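# Remarks on the overall topology
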Amino acid sequence: MTQDELKALVGQAALKYVQAGGIIGVGTGSTVNKFIDALATMKDRIQGAVSSSTASTERLKALGIPVFDANEVDDLAVYIDGADEIDNRGYMIKGGGAALTREKIVAAQSQRFVCIADESKLVGVLGRFPLPVEVIPMAARRLMRQFAAMGGIAQLRMKDGQPLVTDNGQHILDVTGLTLSEPLRFENEVNQWPGVVTVGVFAHQKASVCLLGTAQGVRTMTF
Ligand code: 5RP
(Lines give C-alpha, C1' and ligand atoms only; values in the text may rest on other atoms or scores of the structure.)
Protein backbone atom coordinates (compact mmCIF):
# COMPACT_ATOMS: atom_id res chain seq x y z
CA MET A 1 0.00 0.00 0.00
CA THR A 2 1.21 3.52 -0.72
CA GLN A 3 1.56 6.10 2.05
CA ASP A 4 -1.46 7.88 0.62
CA GLU A 5 -3.52 4.68 0.83
CA LEU A 6 -2.41 4.14 4.44
CA LYS A 7 -3.54 7.68 5.27
CA ALA A 8 -6.93 7.01 3.66
CA LEU A 9 -7.20 3.75 5.62
CA VAL A 10 -6.73 5.41 9.02
CA GLY A 11 -8.84 8.41 8.00
CA GLN A 12 -11.71 6.02 7.33
CA ALA A 13 -11.02 3.96 10.50
CA ALA A 14 -11.29 7.09 12.65
CA LEU A 15 -15.01 7.36 11.84
CA LYS A 16 -15.76 4.77 14.50
CA TYR A 17 -14.69 7.33 17.15
CA VAL A 18 -17.21 9.89 15.86
CA GLN A 19 -20.32 10.04 18.03
CA ALA A 20 -23.66 10.64 16.33
CA GLY A 21 -25.03 14.08 17.13
CA GLY A 22 -21.67 15.35 18.32
CA ILE A 23 -19.20 18.09 17.45
CA ILE A 24 -15.84 16.71 16.40
CA GLY A 25 -12.41 18.29 16.96
CA VAL A 26 -10.59 18.20 13.64
CA GLY A 27 -6.82 18.57 13.13
CA THR A 28 -4.77 19.54 10.11
CA GLY A 29 -2.70 17.84 7.42
CA SER A 30 -2.84 15.34 4.59
CA THR A 31 -3.97 12.46 6.85
CA VAL A 32 -6.71 14.58 8.41
CA ASN A 33 -7.82 15.59 4.91
CA LYS A 34 -8.62 11.91 4.32
CA PHE A 35 -10.56 11.88 7.59
CA ILE A 36 -12.51 15.01 6.60
CA ASP A 37 -13.43 13.40 3.28
CA ALA A 38 -14.66 10.31 5.17
CA LEU A 39 -16.52 12.48 7.71
CA ALA A 40 -18.43 14.12 4.87
CA THR A 41 -20.13 10.77 4.20
CA MET A 42 -21.83 11.03 7.62
CA LYS A 43 -22.23 14.79 7.85
CA ASP A 44 -25.99 14.52 8.37
CA ARG A 45 -25.38 12.55 11.57
CA ILE A 46 -23.11 15.10 13.32
CA GLN A 47 -23.60 18.70 14.41
CA GLY A 48 -20.29 19.81 12.95
CA ALA A 49 -16.64 20.38 13.82
CA VAL A 50 -14.21 22.62 15.67
CA SER A 51 -11.27 23.12 13.35
CA SER A 52 -7.57 23.62 14.08
CA SER A 53 -6.65 25.66 10.99
CA THR A 54 -7.99 27.80 8.19
CA ALA A 55 -7.02 25.02 5.76
CA SER A 56 -9.17 22.43 7.56
CA THR A 57 -11.98 24.95 8.03
CA GLU A 58 -12.08 25.57 4.29
CA ARG A 59 -12.13 21.85 3.52
CA LEU A 60 -14.85 21.13 6.08
CA LYS A 61 -17.05 23.95 4.83
CA ALA A 62 -16.52 23.00 1.18
CA LEU A 63 -17.88 19.55 2.04
CA GLY A 64 -20.90 21.01 3.84
CA ILE A 65 -19.76 20.31 7.41
CA PRO A 66 -20.62 23.20 9.79
CA VAL A 67 -17.62 24.66 11.65
CA PHE A 68 -18.02 26.02 15.18
CA ASP A 69 -15.74 28.48 16.93
CA ALA A 70 -13.88 26.81 19.81
CA ASN A 71 -15.47 29.33 22.20
CA GLU A 72 -18.98 28.24 21.22
CA VAL A 73 -18.36 24.73 22.53
CA ASP A 74 -17.48 23.62 26.06
CA ASP A 75 -16.04 20.17 25.77
CA LEU A 76 -15.37 17.91 22.80
CA ALA A 77 -15.58 14.14 23.17
CA VAL A 78 -12.92 13.49 20.57
CA TYR A 79 -10.16 15.24 18.64
CA ILE A 80 -8.82 13.56 15.52
CA ASP A 81 -5.46 14.64 14.14
CA GLY A 82 -2.27 13.39 12.53
CA ALA A 83 1.31 13.61 13.80
CA ASP A 84 4.80 14.07 12.45
CA GLU A 85 6.12 11.55 14.98
CA ILE A 86 4.52 9.44 17.70
CA ASP A 87 6.26 7.21 20.22
CA ASN A 88 4.99 4.12 21.99
CA ARG A 89 3.78 6.21 24.95
CA GLY A 90 1.55 8.41 22.77
CA TYR A 91 3.84 11.45 22.91
CA MET A 92 4.03 13.30 19.61
CA ILE A 93 5.80 15.91 17.54
CA LYS A 94 3.33 18.02 15.60
CA GLY A 95 3.36 21.24 13.61
CA GLY A 96 4.74 20.15 10.25
CA GLY A 97 1.73 21.95 8.80
CA ALA A 98 2.33 25.01 11.04
CA ALA A 99 -1.01 24.53 12.83
CA LEU A 100 0.41 23.36 16.17
CA THR A 101 -1.00 26.13 18.37
CA ARG A 102 -4.62 25.66 17.38
CA GLU A 103 -4.10 21.91 17.33
CA LYS A 104 -2.95 22.01 20.95
CA ILE A 105 -5.88 24.23 21.92
CA VAL A 106 -8.49 21.93 20.38
CA ALA A 107 -6.72 18.86 21.78
CA ALA A 108 -6.83 20.43 25.26
CA GLN A 109 -10.57 20.97 24.85
CA SER A 110 -11.13 17.30 23.99
CA GLN A 111 -11.57 14.30 26.26
CA ARG A 112 -9.81 11.97 23.83
CA PHE A 113 -7.08 12.52 21.23
CA VAL A 114 -7.23 9.97 18.41
CA CYS A 115 -4.03 10.18 16.39
CA ILE A 116 -4.19 8.89 12.81
CA ALA A 117 -0.86 8.18 11.14
CA ASP A 118 0.87 5.89 8.71
CA GLU A 119 3.50 3.59 10.18
CA SER A 120 6.42 5.82 9.09
CA LYS A 121 5.45 8.18 11.93
CA LEU A 122 6.09 5.66 14.74
CA VAL A 123 9.51 6.21 16.38
CA GLY A 124 11.37 4.88 19.41
CA VAL A 125 12.43 8.33 20.60
CA LEU A 126 11.04 11.66 19.37
CA GLY A 127 13.45 14.01 17.62
CA ARG A 128 14.22 12.82 14.11
CA PHE A 129 11.58 15.15 12.65
CA PRO A 130 12.60 18.83 12.97
CA LEU A 131 10.69 20.16 15.99
CA PRO A 132 8.30 23.00 15.05
CA VAL A 133 8.04 25.86 17.55
CA GLU A 134 5.66 28.77 16.95
CA VAL A 135 7.28 32.00 18.14
CA ILE A 136 6.62 35.71 18.40
CA PRO A 137 8.74 37.16 15.55
CA MET A 138 10.71 39.63 17.74
CA ALA A 139 11.94 36.71 19.91
CA ALA A 140 13.08 34.47 17.04
CA ARG A 141 16.82 35.17 17.13
CA ARG A 142 17.13 34.90 20.89
CA LEU A 143 15.16 31.65 20.87
CA MET A 144 17.48 30.28 18.17
CA ARG A 145 20.37 30.94 20.56
CA GLN A 146 18.51 29.24 23.42
CA PHE A 147 17.99 26.12 21.29
CA ALA A 148 21.68 26.22 20.25
CA ALA A 149 22.63 26.24 23.95
CA MET A 150 20.81 22.92 24.37
CA GLY A 151 22.44 21.40 21.27
CA GLY A 152 19.75 22.16 18.68
CA ILE A 153 19.92 23.99 15.39
CA ALA A 154 16.89 26.22 14.84
CA GLN A 155 15.90 27.53 11.44
CA LEU A 156 13.22 30.04 10.60
CA ARG A 157 10.61 28.35 8.37
CA MET A 158 10.34 30.17 5.04
CA LYS A 159 7.66 30.28 2.35
CA ASP A 160 8.09 31.97 -1.03
CA GLY A 161 11.28 33.69 0.19
CA GLN A 162 9.62 35.18 3.30
CA PRO A 163 9.23 33.88 6.85
CA LEU A 164 6.12 31.71 6.95
CA VAL A 165 3.28 33.43 8.81
CA THR A 166 0.96 31.13 10.78
CA ASP A 167 -2.82 31.42 11.12
CA ASN A 168 -2.02 33.35 14.32
CA GLY A 169 0.30 35.85 12.60
CA GLN A 170 3.47 34.35 14.12
CA HIS A 171 6.60 32.57 12.84
CA ILE A 172 7.85 28.98 13.06
CA LEU A 173 11.30 27.74 14.08
CA ASP A 174 12.20 24.18 13.04
CA VAL A 175 14.74 22.68 15.42
CA THR A 176 16.97 19.73 14.54
CA GLY A 177 19.56 17.90 16.63
CA LEU A 178 17.41 17.32 19.72
CA THR A 179 16.67 13.94 21.28
CA LEU A 180 13.40 14.22 23.16
CA SER A 181 13.59 11.29 25.56
CA GLU A 182 11.71 13.23 28.28
CA PRO A 183 8.93 14.97 26.32
CA LEU A 184 7.00 16.23 29.36
CA ARG A 185 10.06 17.85 30.92
CA PHE A 186 11.09 19.35 27.58
CA GLU A 187 7.63 20.77 26.90
CA ASN A 188 7.47 22.27 30.41
CA GLU A 189 10.87 23.90 30.00
CA VAL A 190 10.46 25.40 26.52
CA ASN A 191 6.96 26.64 27.38
CA GLN A 192 8.62 28.96 29.93
CA TRP A 193 10.79 30.75 27.38
CA PRO A 194 9.52 34.27 26.63
CA GLY A 195 8.40 34.51 23.03
CA VAL A 196 7.45 30.84 22.64
CA VAL A 197 3.81 30.59 21.63
CA THR A 198 3.66 26.79 21.35
CA VAL A 199 6.25 24.04 21.27
CA GLY A 200 5.41 21.17 18.91
CA VAL A 201 5.95 18.49 21.55
CA PHE A 202 2.53 17.14 22.50
CA ALA A 203 3.21 15.55 25.87
CA HIS A 204 0.54 17.17 28.04
CA GLN A 205 -1.86 16.77 25.10
CA LYS A 206 -0.64 13.31 24.11
CA ALA A 207 -2.66 10.79 22.13
CA SER A 208 -5.17 8.56 23.92
CA VAL A 209 -5.32 6.23 20.93
CA CYS A 210 -3.27 5.92 17.75
CA LEU A 211 -4.67 4.32 14.60
CA LEU A 212 -1.53 3.35 12.74
CA GLY A 213 -1.78 2.46 9.06
CA THR A 214 0.39 -0.56 8.26
CA ALA A 215 0.72 -2.92 5.31
CA GLN A 216 -1.20 -5.47 7.43
CA GLY A 217 -4.06 -3.05 8.16
CA VAL A 218 -4.92 -0.64 10.97
CA ARG A 219 -3.05 -1.23 14.21
CA THR A 220 -4.74 0.33 17.26
CA MET A 221 -2.40 1.52 20.00
CA THR A 222 -3.96 2.68 23.29
CA PHE A 223 -2.02 4.76 25.80
C1 5RP B 1 0.04 20.01 11.19
C2 5RP B 1 0.36 18.74 11.89
C3 5RP B 1 0.05 17.47 11.18
O4 5RP B 1 -0.74 16.67 11.99
C5 5RP B 1 1.33 16.75 10.89
O6 5RP B 1 2.19 17.63 10.19
C7 5RP B 1 1.08 15.48 10.06
O8 5RP B 1 0.67 15.85 8.77
P9 5RP B 1 0.42 14.78 7.65
O10 5RP B 1 -0.82 14.06 8.00
O11 5RP B 1 0.27 15.63 6.39
O12 5RP B 1 1.62 13.88 7.56
O13 5RP B 1 0.84 18.70 12.99
O14 5RP B 1 0.48 21.12 11.93
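The notes below deal with the structure included here.

Parameters and conventions
- Residues numbered from 1 in each chain as written.
- Predicted model: local features only at pLDDT ≥ 70, side-chain atom pairs only at ≥ 80, totals over all residues.
- Heavy atoms only, no water.
- Pairing = 2+ DSSP bridges.
- Helix = DSSP H or I, 4+ residues; strand = E, 2+ residues; numbered from the N terminus.
- Buried < 20%, exposed > 50% of the residue type's maximum accessible area, 1.4 Å probe, protein only.
- Arc of directions from axis to C-beta.
- Contact = heavy atoms within 4.5 Å.
- Polar contact = N/O pair within 3.5 Å; in protein donor to acceptor, adjacent residues only side chain to side chain.

Across six bridges, strand S15 (residues 209-214) lies against strand S16 (residues 217-222) in antiparallel orientation. Pairing of cysteine 210 across the sheet is with methionine 221, part of S16. Counting the residues in the hairpin turn of S15 and S16 gives two residues.

What follows covers helix H3 (residues 54-62). An α-helix turns once per 3.6 residues; consequently, residues spaced three or four apart project the same way. Within H3 the residues assigned to the buried category are Ser56, Thr57 and Leu60. Summarising the axial view, the buried residues of H3 lie within an arc of 105°, below the 170-degree limit, and thus occupy one face. Among the exposed residues of H3, those oriented more than 90 degrees off its buried face are Glu58 and Ala62. Buried-residue contacts for H3 involve strand S1 (23-26), helix H2 (30-39), strand S2 (48-51) and strand S3 (67-68). Just beyond H3, the residue with positive phi is glycine 64, at close to 85°.

Within the fold, aspartate 174 resides in strand S12 (residues 171-176). Side chain to side chain, aspartate 174 and arginine 157 meet in a polar contact 2.8 Å long. Among all residues touching aspartate 174, those that are not within four sequence positions of it are Pro130, Leu131, Pro132, Ile153, Ala154, Gln155 and Arg157.

Here we take up the sheet that holds strand S5 (residues 85-86). Spatial ordering of the open sheet is given by S5-S6-S14, a layout of three strands whose pairing is antiparallel. Every other strand in the sheet has two partners, leaving S5 and strand S14 (201-202) as the edge strands with one partner each. Sheet analysis places strand S6 (residues 92-93) next to S14, joined by two bridges and oriented antiparallel. Bridge pairing in S14 places isoleucine 93 opposite valine 201.

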